[in-house]
Amino acid sequence: MALNPQYEDIGKGFVQQYYAIFDDPENRANVVNFYSATDSFMTFEGHQIQGAPKILEKVQSLSFQKITRVITTVDSQPTFDGGVLINVLGRLQCDDDPPHAFSQVFVLKTNAGTYFVAHDIFRLNIHNSA
């Protein structure tokens, strides 16, 4: 399969749509629709999860309600199988917690003309200053 020349638009559009759903507490559970039941992996703060049902459990276990997010940059690259690698750098604040920088990496794979999240790695960028 050839490289997708629209990888930049796909990456930016995906990020906008994903965070619009994730950041809305009433719709947050719908992010599960981006993932495959068996072929998706998520690493959330070092905790590894496989499959949409387990990813949904993790998303529903998050204790915050309100999230405010500022995206600093979205970098995308095409993959050789027609997918898109996306790296997101930003800042978020959950409820009344202090704001933190975060990074998130997605790998989108094609499936029957659409994309699903095959890989998702999320990490708050918190450094120990001791």
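Use the structure listed above.
Residues numbered from 1 in each chain as written. Predicted model: local features only at pLDDT ≥ 70, side-chain atom pairs only at ≥ 80, totals over all residues. Heavy atoms only, no water.

Draft legend 1. Quick peek at helix H1 (residues 7–22). With 16 residues, H1 extends 22 Å between its outermost C-alpha atoms, agreeing within 8% with the 22 Å of an ideal straight helix rising 1.5 Å per residue. Listed as buried for H1 are Ile10, Gly11, Phe14, Val15, Tyr18, Tyr19 and Phe22. Around the axis of H1, the buried residues are gathered within 140° of arc, so they sit on the same side. In H1, those exposed residues whose orientation departs by more than 90 degrees from the buried face are Asp9, Gln16 and Ala20. Looking at the buried positions of H1, the neighbouring elements they touch are strand E1 (41–44), helix H2 (52–61), strand E3 (67–78), strand E4 (84–94), strand E5 (100–111) and strand E6 (114–124). (Helix = DSSP H or I, 4+ residues; strand = E, 2+ residues; numbered from the N terminus. Expected span 1.5 Å × (residues − 1). Buried < 20%, exposed > 50% of the residue type's maximum accessible area, 1.4 Å probe, protein only. Arc of directions from axis to C-beta. Contact = heavy atoms within 4.5 Å.)

Draft legend 2. Main features of the pairing of E1. By the bridge criterion, four bridges tie E1 to strand E2 (residues 47–50) in an arrangement that is antiparallel. Note that in E2 the partner of Thr43 across the bridge is Gln48. In this structure, the hairpin formed by E1 and E2 is closed by a connection of two residues, where Glu45 is found at a positive phi of approximately 55°. (Pairing = 2+ DSSP bridges.)

Draft legend 3. Here's a closer look at the nonpolar core. The biggest cluster of nonpolar side chains holds 30 residues, and the ones touching the most others in it are Phe14, Tyr18, Tyr35, Ile86 and Phe106. Elements with a minimum of two residues in this core: H1, E1, H2, E3, E4, E5 and E6. Looking at which element gives the most residues to this core, the answer is H1, with six residues. (Core = buried A, V, L, I, M, F, W, Y, C linked by side-chain atoms within 4.5 Å.)

No statement about biological role is implied by the geometric values presented.
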